[in-house]
Amino acid sequence: MATSTTSRGNWNSKLGFILAAAGSAVGLGNIWGFPTQVASNGGAAFLFIYLLCAFAIGFPVMVAEITMGRKTGRNPVGAFKVLGDNKLLYSAIGMWGLICGVMILAFYTVIAGWTVSYVFEEVFFYLGMTDWAAWISDTGNGPINAVFATLFMGATISIILGGVSDGIERATKFMMPLLLIILVVMIGYVVLQPGAGVGLEIYLLPDFSKVTPDLILSAMGQAFFSLSLGMGALITYGSYLSKKENIPEAATYVTLMDAFIAFLAGLLVIPTMYMAQAQGVPIFDDSGNLLASAALIFQVLPELFHEMGGLLGLIFGGTFFFLLSIAALTSTISLLEVPVSYAIDEHDLKRKSAATYIGGGVLAISLIISFDTSLIDHFVFIFNEIGLPLGGFLICLFLGYYWKTDNALAEMQEGYPTVMTSFFGRVWPLFVKVIAPLAILYNLLSGLGII
Ligand code: PHE
């Protein structure tokens, strides 16, 4: 029988890990969530606060997660079990992460399904089959949502079945560069179009009068979601990382890549929205507020693609939704890998059964959501807006005060021998023990209206 470490799998290379982790991070959160939040929250002012949250709160938590994963070589529940001397209380933190991940995957799969159905929508529209186009893109149609969610989950499971290096690493190594190329080419086209300049101005000129506690809370929630933190995805990915690698360096690349792709997505989506407005597509509601994010992506943008018409509309629209689909897929695989690694490590399941059963179980929840999409907002609120920051908060407390930052730094010495005396090694403990948990706590309490 294979030993537990070899049967768990490993990344083949440092680049493989970075791209897989960046693939987890880069998703609908970057290409859909970030630009629409920026547009309605003071442009570059939001960007600025977001970057602050990503680097001052997100990055230290990311290093914490990867280190816990690599030290223990386990899934989030197992990692807390090992480091917390089997105390139930500590594994409960990992279990909370696992639950959040499963629930996020359930609604994420439905939205990811829409991104695929809209590729078809663009094709049908181009072919003049407008009825079909309207039918397939009706996000209120339960059976259609269910079909696309099933397809998407099927694709996710099939990659997970391939394992860590042959499945996840291979797929993300191919998809991430593709995503970057599509993004850059589309930006090149959009910024030259009429109306795009207004969008660029709104995006790049900060309006600091819009900075409120609410905005800071959304920026922090966005940073947690976008960096895939607080639920153990990076504990899991870190558990496949070789002892040769430098953890803070790898985490820096992942954070930078995530922020860079979010920034690029802003350069694409915000000018595109204003281009749509220049063509007469309404982007504000009656009271002058920007339309809700789902409406912007799934109504405004397709209308613009239709206005463009012909082959150009098809290429532009089809490519945009294809871009969203691959970004979503590299994230769903990380969301599914967490409970799968848990079942493999803790319950001795084979990867094949774990991926099929768990993927199937999560799909069952996705199917319920497919028929009642109003559930998405509740799921987002509980598992994403509260669940992830809460998970991050508990991870900081556990690492900072129970496992201790010195032990974590000792783990980081493998691959980064001088970490203890480095600038990072001197300030990181302060961020994990004090700054990040206090900032998260304050934001959570004020977001819930408690303070
Ligand atoms: N980071 C992903 C996104 O931006 C979502 C995600 C959250 C993935 C949590 C894994 C874990 O869309």
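Each chain carries its own residue numbering, running from 1 in the direction its sequence is written. Where totals are concerned, whole chains, interfaces and linings use all residues; where local detail is concerned, this predicted model gives features only for residues with pLDDT of at least 70, and gives and counts side-chain atom pairs only at 80 or more. The basis for every side-chain value is the complete set of heavy atoms in the structure, and neither hydrogens nor water enter the calculation.

By definition, any uninterrupted DSSP run of H or I lasting at least four residues is a helix, any uninterrupted run of E lasting at least two residues is a strand, and each is numbered from the N terminus. Across its full length, the protein chain holds 18 helices and zero strands. Note on method: radius of gyration uses C-alpha positions; expected globular size equals 2.2 Å times residues raised to 0.38. Over its C-alpha atoms the protein chain spans a radius of gyration of 21 Å, differing by no more than 12% from the 22 Å that the globule rule assigns to 451 residues. To sort residues, take the accessible area from a 1.4 Å probe on protein chains only and compare it with the maximum for the residue type: under 20% means buried, over 50% means exposed, and anything in between is partly exposed. Counting all 451 residues of the protein chain, 58% fall into the buried class. Taken as a whole, the protein chain presents about 17400 Å² of accessible surface, with 67% of it coming from carbon and sulfur. Taking the 18 positively charged and 28 negatively charged side chains of the protein chain as two groups, their mean positions are separated by 19 Å. The Shrake-Rupley method, run with a 1.4 Å probe, gives the accessible areas here. Residue values count only the displayed protein chains as cover. For the charge count, each Lys or Arg is scored as positive and each Asp or Glu as negative, with His and the chain ends excluded. Every charge is mapped to an atom, namely NZ of Lys, CZ of Arg, CG of Asp or CD of Glu.

This part covers the nonpolar core. If you look at the biggest cluster of nonpolar residues, it comprises 159 residues, and the most contacted ones within it are W11, F17, M68, I297, F320, M412 and W428. The criterion used for residue contact is that any of the two residues' heavy atoms lie within 4.5 Å. When neighbours within four sequence positions are excluded, F320 is seen to be in contact with M186, L268, V269, I297, L301 and F305. The criterion is simple. A nonpolar core is a set of buried Ala, Val, Leu, Ile, Met, Phe, Trp, Tyr and Cys residues joined through side-chain atoms within 4.5 Å.

Moving on to the packing of aromatic side chains. Pairs were defined over the aromatic rings of Phe, Tyr and Trp, the Trp ring being its six-membered one, requiring ring centres within 6.5 Å. Orientation was assigned from the angle between planes: stacked under 30 degrees, edge-to-face over 60, tilted for the rest. Applying the stated criterion across every chain, the model contains 31 aromatic pairs. Residues F120 and F148 carry aromatic rings whose centres are separated by 5.7 Å and whose planes lie at 55° to one another, so their mutual orientation is tilted. Pair noted here: F120 is in helix α6 (residues 88-126) and F148 is in helix α8 (residues 142-161), with a separation of 28 residues, a long-range link. Overall, F148 belongs to the buried group, its relative accessible area being 7%.

The pLDDT value expresses, per residue, how confident the predictor is, ranging between 0 and 100. Overall, the prediction assigns the protein chain a mean pLDDT of 93, with 98% of residues at 70 or greater. Here residues 1-6 scores under 50 on pLDDT; set against residues more than four positions off or in separate chains, the count is two contacts.

With respect to the helices and strands, the residue E337 is situated in helix α15 (residues 310-347). Within 3.5 Å is the distance limit for a polar contact, defined as a pair of N or O atoms, with the added protein rule that one can donate a hydrogen and the other accept it, and that residues adjacent in sequence qualify only through two side-chain atoms. A polar atom in the side chain of E337 sits 2.9 Å from the side chain of R351. Those residues in contact with E337, other than ones at most four positions away along the chain, are I160, V164, I168, T236, Y237, Y240 and R351.

It is worth spelling out the side chain of N41 at this point. Assignment of secondary structure puts N41 in the loop between α3 (28-40) and α4 (44-72). Not counting chain neighbours up to four residues away, the residues in contact with N41 comprise F46, K210 and L215.

Moving on, we get to the pattern of salt bridges. The rule for a salt bridge is simple: a side-chain nitrogen of Lys or Arg has to be within 4 Å of a carboxyl oxygen of Asp or Glu. Across all of its chains, the model carries eight salt bridges by this definition. For the salt bridge of R74 with E346, the shortest nitrogen-to-oxygen distance reads 3.0 Å. Note that R74 is positioned in the loop between α4 and α5 (76-83) and E346 in helix α15, a separation of 272 residues in sequence. Relative accessible area serves as the criterion here: at 17%, E346 is assigned to the buried category. Taking the shortest distance from any N to any O, the salt bridge between K243 and E411 comes out at 2.9 Å. Here E411 lies in helix α17 (residues 375-413) and K243 lies in the loop between α12 (233-238) and α13 (247-278), a separation of 168 residues in the sequence. Judged by its relative accessible area of 34%, K243 is partly exposed. Through salt bridges with shared partners, a single ionic network connects R70, K243 and E411.

This part takes up the environment of V198. Its place among the elements puts V198 in helix α10 (residues 196-204). Each C-alpha atom, one on V198 and one on I270, is 9.0 Å from the other, the two residues being 72 residues apart in sequence.

Near the ligand, the surroundings consist of 14 residues, among which A25, G29, Y108, F225 and S226 are the closest. Here a nitrogen atom of the ligand sits 3.1 Å away from a polar atom, N or O, in the main chain of S24. S228 has a polar side-chain atom sitting 3.1 Å from a nitrogen atom of the ligand. Its free accessible area being 320 Å², the ligand has 100% of it covered by the protein chains. Throughout, the ten residues Ala, Val, Leu, Ile, Met, Phe, Trp, Tyr, Cys and Pro are labelled nonpolar, Asp, Glu, Lys and Arg are labelled charged, and all others, Gly among them, are labelled polar. Looking at the shell around the ligand residue by residue, the classes come out as six nonpolar, eight polar and no charged. Only heavy atoms are used to decide nearness, and a residue is near a molecule or strand if one of them lies within 4 Å of it.

Where α6 meets helix α14 (residues 293-308), the closest approach of the two axes is 11 Å, and the angle between their N-to-C directions is 20°. Of the possible angle classes, the one that applies to α6 and α14 is roughly parallel. The two elements α6 and α14 meet at a crossing, and its hand is right-handed. In this structure, α6 uses I111, W114, T115, Y118, E121, E122 and F125 to contact α14, whose residues at the interface are F298, P302, F305 and H306. Split into classes, the residues belonging to the contact of α6 with α14 amount to seven nonpolar, two polar and two charged. Axes here mean lines fitted to C-alpha atoms, for a helix over just the part in contact, with angles spanning 0 to 180 degrees between N-to-C directions. Angles below 35 degrees are treated as roughly parallel, those above 145 as roughly antiparallel, those between 65 and 115 as roughly perpendicular, and all remaining angles as oblique. Should the near helix be turned anticlockwise from the far one by less than a right angle, the crossing is termed left-handed; should it be turned clockwise, right-handed.

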